[in-house]
Amino acid sequence: MAEIIKIDSLDIEELQIYKSGNEAQLLHYFEPNGGLFIAESPMVVERALDAGYEPYSMLIDEALLCKAQVPGDEAGKTVNDIITRCGDIPVYCGNETLLGKLTGFKLTRGILCAMYRKELPPVTEISKNATRIAVLDGVENPANVGSIFRNAAALGIDAIMLTSGCSDPLYRRSLRVSMGTSLILPWTITAANYIDFLHSLGFTVAALALRADSLPPNNPQIKNAQKLALLLGNEGFGLSDDVIANCDYTVMIPMANGVDSLNVAAASAIAFWECGTGR
């Protein structure tokens, strides 16, 4: 059973993992044996638990302990139901003002839960049964990564591969924006030669890029490919020329009014719709 610990001070060593701006420290918290991530909001915490992630500790707004229902939960779940699911962990609770000073922001629906990271699966595992894969190459903004995961989960993408230069899908902001989908959609970090690997598995590889010879995403060669990998590049400079040269096709979304491109997350939604659930 969880231990409820009322706090009236921020000078508690165990609370330092919840301070804003320490994502890199969390990633390596138990190095060399892995790290932690922070799940924010009741829904994300529950998705993490459903996906088999193990909780480490929890920080909550004490007002939620008195509520009959978690705000926004149509199923009528209480915060105590979530705490019970977390088992024998410390649960720190304090008032909203105090917690805001610790985290630097108002808690989303009053709950933060530190959870143990899992070991990432090999690329062979996440791709063996996939027919639609997204590859994020150098996507640096956590909100973009989170949005792309949410789009991918909703629009028929089976798995996501990320290069080492991408923002971590389990960073707090990315996880919050993804609505917890980065906890349930298979993903891993890939090596630099990922295009050769995808080709070896029979994937058609298409890069979203601003090229004159690009095809629209609804082109039958793209849309009807038996196995397709869609490549999305950095927010500023896109994909490198070397990466594009090794792809089978480049894809460009038609634009109007002199606009040349979309935000990478918005572009992913259109491409995933055309080539995932939309095909």
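These figures come from a predicted structure and were not determined experimentally.

## Remarks on the overall build of the protein chain
- Helix and strand counts for the protein chain come out as eleven helices and eleven strands.
- Relative to the 2.2 N^0.38 estimate, which gives 19 Å for 279 residues, the radius of gyration of the protein chain is 21 Å and therefore close to what a compact globule would have.
- Expressed as lengths along the three principal axes of its C-alpha atoms, the size of the protein chain is roughly 60 × 45 × 30 Å.
- Here the protein chain holds 279 residues, and 49% of them are scored as buried.
- Pairs at least 24 apart in sequence give 82% of the contacts found in the protein chain among residues at least 6 apart.
- Total accessible area on the protein chain is roughly 13,200 Å²; 49% of this is exposed by carbon and sulfur atoms.

## What to know about the sheet that holds strand 5 (residues 111-116)
- As summarised here, the arrangement of the five strands in space is 1-4-3-5-2, forming an open sheet in which the pairing is mixed. In this open sheet, the two strands that pair with only one neighbour each are strand 1 (3-6) and strand 2 (36-40). On average, adjacent strands in this sheet sit at an angle of 20° to one another, irrespective of strand direction.
- Taken together, the five bridges between strand 2 and strand 5 define a ladder with antiparallel strand orientation. In the sheet register, E40 faces strand 5, and the bridge partner there is L112.
- Sitting on the sheet, helix 2 (residues 42-50) touches strand 2, strand 3 (55-61) and strand 5, and the angle it makes with strand 5 is about 20°.
- Helix-sheet contacts for helix 3 (residues 79-86) involve strand 1, strand 3, strand 4 (90-94) and strand 5, and the interaxial angle to strand 3 is about 165°.

## Observations concerning the environment of R132
- Mapped onto the elements of the fold, R132 is located in strand 6 (residues 132-137).
- Taking the relative accessible area as the measure of exposure, R132 reaches 1% and is therefore buried.
- Residues R132 and I253 lie 121 residues apart in sequence; the distance between their C-alpha atoms is 18 Å.
- Engagement of the side chain of R132 in a polar contact is seen with the backbone oxygen of Q226, the distance being 3.5 Å.

## Considering the pattern of salt bridges
- Summed over all chains, the structure comprises seven salt bridges.
- For R176, the salt bridge is made with E40, and the minimal N-O distance between the two is 2.8 Å. You can see R176 sitting in helix 7 (residues 172-177) and its partner E40 sitting in strand 2, a full 136 residues away along the chain.
- On the accessibility criterion, R176 (32% relative accessible area) is partly exposed.
- The buried category is assigned to E40, whose relative accessible area is 3%.
- Note that K223 is salt-bridged to E274, the shortest N-O span being 3.0 Å. In this pair, K223 sits in helix 9 (residues 220-223) while E274 sits in helix 11 (residues 264-275), placing the two residues 51 residues apart along the sequence.
- Members of the salt-bridge network, linked through shared partners, are E46, D50 and R85.

## Quick notes on the nonpolar core
- Residues F37, M58, L136, I160 and F272 are the most contacted members of the largest nonpolar core, which totals 54 residues.
- No other element matches helix 11, which puts six residues into this core.
- Sequence-distant contacts of F272, that is, excluding residues within four places in its chain, are made with A134, I148, N151, A152, L155, I157, L230, L232 and T277.

## Considerations on unusual backbone geometry
- Residue P32 follows E31 across a cis peptide bond; omega there is 15°.
- Secondary-structure assignment places P32 in the loop between helix 1 (23-27) and strand 2.
- Residues other than glycine seldom take positive phi values, yet M179 does so here, at roughly 60°.
- Within the secondary structure, M179 is located in the loop between helix 7 and strand 8 (187-189).
- The class of M179 is partly exposed, set by a relative accessible area of 29%.

Reading the values: rules and limits
- Residues numbered from 1 in each chain as written.
- Predicted model: local features only at pLDDT ≥ 70, side-chain atom pairs only at ≥ 80, totals over all residues.
- Heavy atoms only, no water.
- Helix = DSSP H or I, 4+ residues; strand = E, 2+ residues; numbered from the N terminus.
- Rg over C-alpha atoms; globule rule 2.2 N^0.38 Å.
- Buried < 20%, exposed > 50% of the residue type's maximum accessible area, 1.4 Å probe, protein only.
- Contact = heavy atoms within 4.5 Å.
- Areas by Shrake-Rupley, 256 points an atom, 1.4 Å probe, with all protein chains shown as cover.
- Pairing = 2+ DSSP bridges.
- Axes fitted to C-alpha atoms, helices over the stretch in contact; angles between N-to-C directions.
- Polar contact = N/O pair within 3.5 Å; in protein donor to acceptor, adjacent residues only side chain to side chain.
- Salt bridge = Lys/Arg side-chain N within 4 Å of Asp/Glu carboxyl O.
- Core = buried A, V, L, I, M, F, W, Y, C linked by side-chain atoms within 4.5 Å.

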